[in-house]
Amino acid sequence: MGEDGRPLLGVPKIRIVHKVLRRFRKRSHCVYKASTLKKCVVAIIFVSILLIIFYSQHIGHSSSYLSGFIQRSNRPEPNIRCGVMNGPRIPQNHDHKTEARLRSYPKVLVFVETMYSKLGRDIAELLVHTRIKYKVEVAGKSLPVLTNLDKGRYGVIVFENFNKYLQMDKWNRELLDKYCREYFVGMIGFITPEEETLVGSQLKGFPLFIHTNLKLKDAALNAASQILRLTRAGETAWGDLPGNDWTVFQANHSTYEPLEWAHRNDDYQPTESNVRTPLPTVIQDHGLFDNIQRVIFGSGLKFWLHRLLFLDSLSYLSHGQLSLSLDRMFLVDIDDIFVGDIGTRLRPEDVRALIATQARIQAMIPRFKFNLGFSGKYFHHGNGEEDKGDDLILENIDKFMWFSHMWNHQQPHLYDNLTVLMDDMMLNKNFAKMKGIPVDSGYSVAPHHSGVYPVHELLYTAWKKVWNIRVTSTEEYPHLRPARLRRGFIHKNIMVLPRQTCGLFTHTMLIDKYPGGREKLDESIQGGELFQTIVYNPINIFMTHMSNYGNDRLGLYTFESVIKFIQCWTNIKLSSAPPLQLAETYFKLYPGETDPVWGNPCDDSRHQKIWSRNKSCDSLPKFLVIGPQKTGTTALYTFLSLHPAIASNLPSPDTFEEIQFFNAHNYLRGLDWYMNFFPVDANSSAHFYFEKSATYFDGELVPKRVHALLPHAKLVTILISPAKRAYSWYQHTKAHGDIIANNYSFHQVITASDTAPKPLRDLRNRCLNPGKYAQHLERWLTFFSPQSLHIIDGEELKSNPVEVMNEMQKFLKITPFFNYTDHLRFDPKKGFYCQVVSGDHTKCLGRSKGRQYPPMEEKSLKLLQRYYLSHNTALVKLMKRIGLRNIPDWLKDDLSDSSA
């Protein structure tokens, strides 16, 4: 009988094998003569052949005696032994908040040796993962500005190499120490390894001595330390600690208290009684010596426990400002519960193990349920035992949560027809209804995350119509790696959550074949990548596959083990909830992530594989004319369109030649909407697409969005006198019937106070703000190199457009070179250059272009020249910094007139 009480398959053949074995045992009593030995060898060979045939015929059956025996002997079982997990918890102060936190901002200042040093990168990556704001400075240079009015800019100072702090020049050291004392700012330092071994060496200026380059083992924590918050004391991290370059501390003052200890990993005996004294490896300075609190680490972040202590130190030293929440929400998706080759699918005993493990996890995480994803087409596609496993899953539907995949498991981005895609989804929905599977979870995951990101609009539409999907998840936004940068977004009212990987994939079914073996998997569980993922992220949705729960059941082993390890070493409170609740919680925590930032699928090979087949990397512009408004951008657009190698976007029915994608609601329409303005024409000679939207120039979010989608794009801006630009905008709005412009003079508009009616303030801002050229250009230069930016003098574009367009062609490196002399001619009636058509005739811009306005009042001009003085001065400095030698005449005039 089997474990479930049913008769074993293939029993008659087992009896045959047993008869053969009995005969073989009778023959084994033979005397060792040559003939008898020969018979024994023949018998052994005969039995071996029988066993091979028997095993090969039954290897695919779950009831196979030998295969079951082998799998059970190798299958790993959770082995986390934690003495404190079920015992009484040691009281710890989980709230570091004090009034001192109000003295500074929640930001970390990190001093590194170089921008490329390993520990410095590790610190920065940890801060990014936990979304803690920080600034990096190279130690040895001048200190950055530390205060903002009466408040400190930074809540904690971190030194990658604590010696850089000890060796600071007197002026900077006193300045930094004064800042720390005055604003109650703490400091974290790391003793970095050096070739010379120090024994009892005193840290400069402190009653603290160090011993370096040690090999240690068996780390434990000081349970009485007030620093511990995220980290839980009471256990020992047994075994060798990473590296042989550890530093330990010996204090000669009551200000110091050990936070972590370890033992020497050699034969050294420090006392006559042969008692191995624990050595402090992380030490807290309470500030009793010089009124500055510090935490000093004797090694970097290679040791997983130091990452927890680093986060706790940030919390403690910032007086709770940089504290991470102790709450973690946790969900495990099991994708493709019915999809898999014969021999990889779940058998009844696997399903029973899944249910039993879920019950044990529920004892640690209330209301936890595995979330099963299904593609109904593949139900009952295994062998006899595996089909029974499918049936047993459905007998226990209510024990799990459920979500839909595609009926036939095809990637959604391969569908070009909405009706066909919806029909496929309806097949899966009808299957679910027929089997009693819940259809109201509001959650779905696309096979291979196809169509979620990069977005395939048909998928989002079909999800809404068929399943009323409100939540999905993907590991692809913005990219698969690095995982610390995964984020969420909302598109078409569907919340997209970041999905995490756990080191298990469809092919990781057997522990013996796990890359790196069990040791590598255990490393991830016990303080490594999987453990850290849960620690760093308040919301965790993990992707696993059906095959991870059969065979060696690595999924069960992994999650039961990591949950136990989390509870053993941290004070994290794990809970579970359905996907919709997770999503609502996520976007309450991170409201700034609701709007997506569209990336370029052509820059990510994984994204190209799951991108719609009818999309092309050529359907994106290579340069942008970014404005600002009323500087001549429409004229430049017209001149560019004359070039046979250049093509603009299709016109918008709402905003004409301007798409206004990156700075308006259009951005939320998605990448497909944007790319439809740039259809690829195989018969066209134009190979340089461009877009002109003059409102991009001063859009706060625009540079970041443009760089995400078009990181290699060229940027073109036109500048004229900001005073003249402001007046031109006022006249433009007035000519278009704006009520405010027609009821207030220009001077009244630009002098309106902050208490004026909102429409008047809005017009004032649109007149004045775009003219702060340096401020807006600096924002663009945060994302783009100076070599990507081309600044055109708007007055020169008006007076000498041919030369301007020649320089433009050189900047864009466009071939063939286009001779604008034959295509542009000055029109005396209009007062500017127009396109030459039909011999001597010209085609000029519309009536609204080149309109003659009354001259600006002198008092308004003087006021604006004074207003823009600091901005124009900054513009001159910026131009010189990026290598522009020729300062426009209008800029020189504005500066000279304002100083007169």
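It should be noted that the structure appears before, not after, this text.
**Things to note about the side chain of Glu386**
Right, so step 1: Structurally, Glu386 is set in helix α9 (residues 384-395).
Right, so step 2: Comment: no salt bridge for buried Glu386; closest opposite-charge side chain is Arg345, at 4.4 Å.

**Quick notes on the packing of aromatic side chains**
Each aromatic ring pair is described using two quantities: the centre-to-centre distance and the angle formed by the ring planes.
Right, so step 1: One pass over the structure, following the stated rule, counts 57 aromatic pairs.
Right, so step 2: With centroids separated by 6.1 Å and ring planes inclined at 40°, the aromatic side chains of Phe330 and Phe368 adopt a geometry described as tilted. Here Phe330 is found in strand β15 (residues 327-335), whereas its partner Phe368 is found in the loop between α8 (348-364) and β16 (371-374), with 38 residues between them in sequence.
Right, so step 3: Note on Phe330: relative accessible area 0%, which makes it buried.
Right, so step 4: For Phe368, a relative accessible area of 0% corresponds to the buried category.
Right, so step 5: When the ring of Tyr867 is compared with that of Tyr868, the centres are 5.0 Å apart and the planes differ by 85°; the resulting orientation is edge-to-face.

**Re the state of the cysteines**
Right, so step 1: Per the stated rule, a full pass over the model turns up 3 disulfides.
Right, so step 2: Each disulfide pairs two cysteine sulfurs, and for Cys602 the partner residue is Cys617, the sulfurs being separated by 2.1 Å. Judged by the torsion about the S-S bond (-115°), the Cys602/Cys617 disulfide is left-handed. Highlighted residues: Cys602 in the loop between α15 (579-589) and α16 (605-609) and Cys617 in the loop between α16 and β24 (623-627), separated in sequence by 15 residues.
Right, so step 3: Put simply, Cys834 and Cys844 are joined by a disulfide, and their sulfur atoms are 1.9 Å apart. Judged by the torsion about the S-S bond (105°), the Cys834/Cys844 disulfide is right-handed. Taken as a pair, Cys834 in strand β30 (residues 832-837) and Cys844 in the loop between β31 (841-843) and α27 (858-867) lie far apart in primary sequence, 10 residues in all.
Right, so step 4: Note on Cys834: relative accessible area 2%, which makes it buried.
Right, so step 5: Sequential numbering of the bridged cysteines in the chain gives the disulfide pattern 1-2, 3-4, 5-6.

**Looking at the environment of Pro578**
Right, so step 1: Position of Pro578 relative to the elements: it lies in the loop between β23 (573-575) and α15.
Right, so step 2: For Pro578, a relative accessible area of 40% gives the class partly exposed.
Right, so step 3: Residues Pro578 and Ser441, 137 residues apart in the sequence, show an inter-C-alpha distance of 7.8 Å.

What counts as what
- Position numbers for residues start from 1 in each chain and track the written sequence from start to end.
- For this predicted model, a pLDDT threshold of at least 70 governs which residues receive local features, and a threshold of 80 or more governs which side-chain atom pairs are given and counted, while totals over whole chains, interfaces and linings are taken from all residues.
- Side-chain measures were taken over the full set of non-hydrogen atoms in the model, leaving aside hydrogen atoms and water.
- In DSSP terms, a helix is any run of H or I states spanning at least four residues, a strand is any run of E spanning at least two, and both are numbered starting from the N terminus.
- Throughout, exposure labels follow a simple rule: accessible area from a 1.4 Å probe, protein chains only, divided by the maximum for the residue type, with under 20% read as buried, over 50% as exposed, and the rest as partly exposed.
- In this tally, Lys and Arg are treated as positive and Asp and Glu as negative; His is ignored, and so are the chain termini.
- Should a side-chain nitrogen of Lys or Arg be within 4 Å of a carboxyl oxygen of Asp or Glu, the pair is scored as a salt bridge.
- The aromatic pairing rule takes the rings of Phe, Tyr and Trp, using the six-membered ring of Trp, and pairs them if the centres are within 6.5 Å, calling planes under 30 degrees apart stacked, those over 60 edge-to-face and the rest tilted.
- Two cysteine sulfur atoms form a disulfide, by the criterion used here, when they sit within 2.5 Å.

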